[in-house]
Amino acid sequence: MKPVTSRSWQLRSPLPELSVMSDLASRLGINVLTARILCLRGITDPAQGLNFLNGKLANLPDPDLLPDMESACTRIAQALVRGEKISIHGDYDVDGISGCSLLVEALTAFGGEVEYHIPMRLKDGYGLSAEAIRRAVAAGSRLLISVDCGVSAHQEARLAEELGIDLIITDHHQPSTELPVCYALINPHLPGNRFPWTDLAGVGVAFFLMLGLRRKLRQDNYFQGRTEPDPRYLLDLVALGTIADIVPLGGVNRILVKNGLPLLEQGLRCGVAALKEVAQVKQVTSGVVGFRLAPRLNAAGRLEDAALGVQLLLGKDPRTCQELARRLDGFNRERQTIEEQTLNEAIAMVEEDHRSDRHSIVLAADHWHSGVIGIVASRLVERYHRPTVLLALDQGAGKGSARSINGFHLYQALCSCAEPLLGFGGHAMAAGLSIEAARVGEFAELFEQAARAALTPETLQPVAWHDGRITLAELTSELVRELEDLNPFGAGNPQPAFVSSGCRVTGLRVLGEKHLKFYVEQGPCQLSAIAFGMADRYDQLTGPVDLLFRPGINRWRGTESLQLQVIDFKSHSEHADE
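Residues numbered from 1 in each chain as written. Predicted model: local features only at pLDDT ≥ 70, side-chain atom pairs only at ≥ 80, totals over all residues. Heavy atoms only, no water.

(A) Expanded view of the pairing of strand 14 (residues 515–522). Burial analysis of strand 14 places 6 of its 8 residues in the buried class, which makes it a mostly covered element. Sheet topology places strand 13 (residues 498–511) next to strand 14; 6 bridges connect them, and they run antiparallel. Within the sheet, the bridge partner assigned to V505 lies in strand 14 and is V520. Hairpin geometry of strand 13 and strand 14 is characterised by an intervening segment of 3 residues between the two adjacent antiparallel strands and by a positive phi of about 60° at G512. Sheet topology note: the strand 14/strand 15 (residues 525–531) ladder contains 7 bridges and is antiparallel. Each bridged residue has a counterpart across the sheet, and for F518 the counterpart in strand 15 is A529. Hairpin remark: strand 14 followed by strand 15, antiparallel, with 2 residues in the connecting loop; positive phi at G523, about 65°. (Buried < 20%, exposed > 50% of the residue type's maximum accessible area, 1.4 Å probe, protein only. Helix = DSSP H or I, 4+ residues; strand = E, 2+ residues; numbered from the N terminus. Pairing = 2+ DSSP bridges.)

As structure tokens, then:
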């Protein structure tokens, strides 16, 4: 199999009538081009647009719309009043780490006695563990709350009942038809859910649990003679986990992240400030969280103990937090080395397979580190545009991570080829699984069948989405600053991208061995441009070209200038017929 080297350029969705965009622009006081961006993201109603632009916390839905919220809040309130010890069980990724930190901090601020457990990836595996439940009972806990895990923990839920500890599961992963029996199960994907936004991250579910609990405690006059904590100061944790888990940044998630990013920028937590320092972060954006902060928090869970991340986020002593942040930074560098080695091996395995008609990739090796195979699977998806499963084998068993492409729902696919699997869980685009090593070949064939049934030649062709054609003359600093107000960008709210045709490239040079820097001319207009990672395409930038780019403001040493970040380019004649 060879890498996919070309992408089709497609408009995100059909454009509405100009009158609709003009009316939206007039009512919101924005440029028509900005209104176009909103329309292409499904926002055509002025009230909806105002909510999107403002992102006010007052527009958050009622927590009680989530399943079992009222019974969960009643039980936690009882635990607080009775002085019962409460155990929190998180997951080892950033969503689980931040969600666990949020519950520990909030419940402690509410006056609770709280302890927590984060499983170790290599020792404990994913999800709610029987050992952790027994440990919580031995520690005297009468209530156990999971975050970002538990919806498939049937045996563990039965164990909790047998041991006499009440279990509240908070999760956001896809449930199966059979649900674990527990005191309360809060998940926006459950049948009968009335919450208007189902794509919460695990930390988002935990945040709404705390909002519901605070209201319950208020109704019970719990805060008489006590200081009532402000949940807004938990939103930095919500932003961390929500961005890291790559859930859509629209609707409720947009409000949470938009209000959480300024707290991360301020670095009010010692741990966040220390993490920003080792990551050399000057300004926090959703991209910085996803590519600079989250990987360092994730590295602890991938190679060592994810509980270090909780210690960092809850830390109060600056010196201790600095030491922890440096350790996480070291784990991240080690992770990068292991990841690169694994990627090179996986690429060699894929390209030794000469079956060019494969619709999927399934690879396994007994020396791969289970902490990095998810990242490597994502990089293989980028390179080959195929649903990918990587399996780390150890003593006859395998732990796997899967990543997908648009048009192929991973969780549903795994349901259709579950017979060889020991267990699995996840979302449409990412999943985890376990399997006996002897059945990997059988699973690979079933997975390929599922891919062939779901994917067409069109869906196997990678797509670069854009927001329409513009001329360079339409781009002004004022417009680009207005487009920046559509932040935070990420899954579900991509940074605006445009196509400009018949451009001429001048001043082309290689920057830092990997990148291209040049000027783009179209008529009398000339703008600076940069193409990251495209130095190997130097010779292709000749003659008139069509550019696919994101406009931005380049801020350097106190000066600002318009700059195009080039996503892709094609010769003008080549693209003219698309």
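Still to come is the rest of the account.
(B) Main features of the sheet that holds strand 3 (residues 113–117). Taken in spatial order, the 5 strands of this open sheet run 3-2-4-5-6, and their pairing is parallel. Bordering the open sheet on either side are strand 3 and strand 6 (184–186), each of which pairs with just one other strand. Across the sheet, the mean angle from the axis of one strand to that of its neighbour is 20°, orientation sign disregarded. Relative to strand 6, strand 5 (residues 166–170) runs parallel, the two being bridged by 3 bridges. (Axes fitted to C-alpha atoms, helices over the stretch in contact; angles between N-to-C directions.)

(C) How the structure looks around the environment of Q495. Position of Q495 among the secondary structure elements: in the loop between helix 19 (477–484) and strand 13. Assessed through its relative accessible area of 29%, Q495 is described here as partly exposed. Separated by 67 residues in the primary sequence, Q495 and A428 have C-alpha atoms spaced 22 Å apart. The contact partners of Q495, leaving out residues within four places of it in the chain, are R12, R41, D467, F489, R550 and P551. (Contact = heavy atoms within 4.5 Å.)

(D) Quick look at the packing of aromatic side chains. One pass over the full model with this rule turns up 7 aromatic pairs. Here the aromatic rings of F110 and F223 are separated by 5.9 Å at their centres, their planes lie at 55°, and the arrangement is tilted. Taken together, the positions of F110 in the loop between helix 5 (94–109) and strand 3 and F223 in the loop between helix 9 (202–219) and helix 10 (235–244) put the pair 113 residues apart, joining distant regions of the chain. Take F110 and F223: they sit in the same class, and that class is buried. Aromatic side chains F207 and F208 sit 5.9 Å apart centroid to centroid with 80° between the ring planes, which places their arrangement in the edge-to-face category. For the pair formed by F207 and F208, the shared burial category is buried. Of the aromatic side chains, those joined through ring pairs into one cluster are F110, Y222 and F223. Directly above the ring of F52 sits R254, whose terminal nitrogen or CZ lies 3.6 Å from the centroid. Positioned above the aromatic ring of F569, the side-chain terminus of R537 is 3.9 Å from the ring centre. (Phe/Tyr/Trp six-rings, centres within 6.5 Å; stacked < 30°, edge-to-face > 60°. Lys NZ or Arg CZ within 6 Å of the ring centre and 35° of its normal.)

(E) How the structure looks around the pairing of strand 16 (residues 545–556). Pairing of strand 13 with strand 16 involves 4 bridges; the strand directions are antiparallel. Looking across to strand 16, one finds that V499 is bridged to L548. In this sheet, strand 17 (residues 559–571) lies alongside strand 16 in antiparallel orientation, the contact comprising 12 bridges. Residue pairing in the sheet places R550 in a bridge with Q565 of strand 17. The antiparallel pairing of strand 16 with strand 17 creates a hairpin that spans 2 residues between the two strands, and R557 there sits at a positive phi of about 50°.

(F) Quick peek at unusual backbone geometry. Residue N487 is joined to P488 through a cis peptide bond whose omega torsion reads 5°. Tracing the backbone shows P488 in the loop between helix 19 and strand 13. Backbone geometry places Q280, a non-glycine residue, at a positive phi of 55°. The residue Q280 is located in the loop between helix 12 (270–278) and helix 13 (286–303) in this model. Residue Q280 is classed as exposed on the basis of its relative accessible area, which comes to 64%. Unlike most non-glycine residues, H385 shows phi in positive territory, near 55°. Relative to the assigned elements, H385 resides in the loop between helix 16 (373–384) and strand 8 (388–394).

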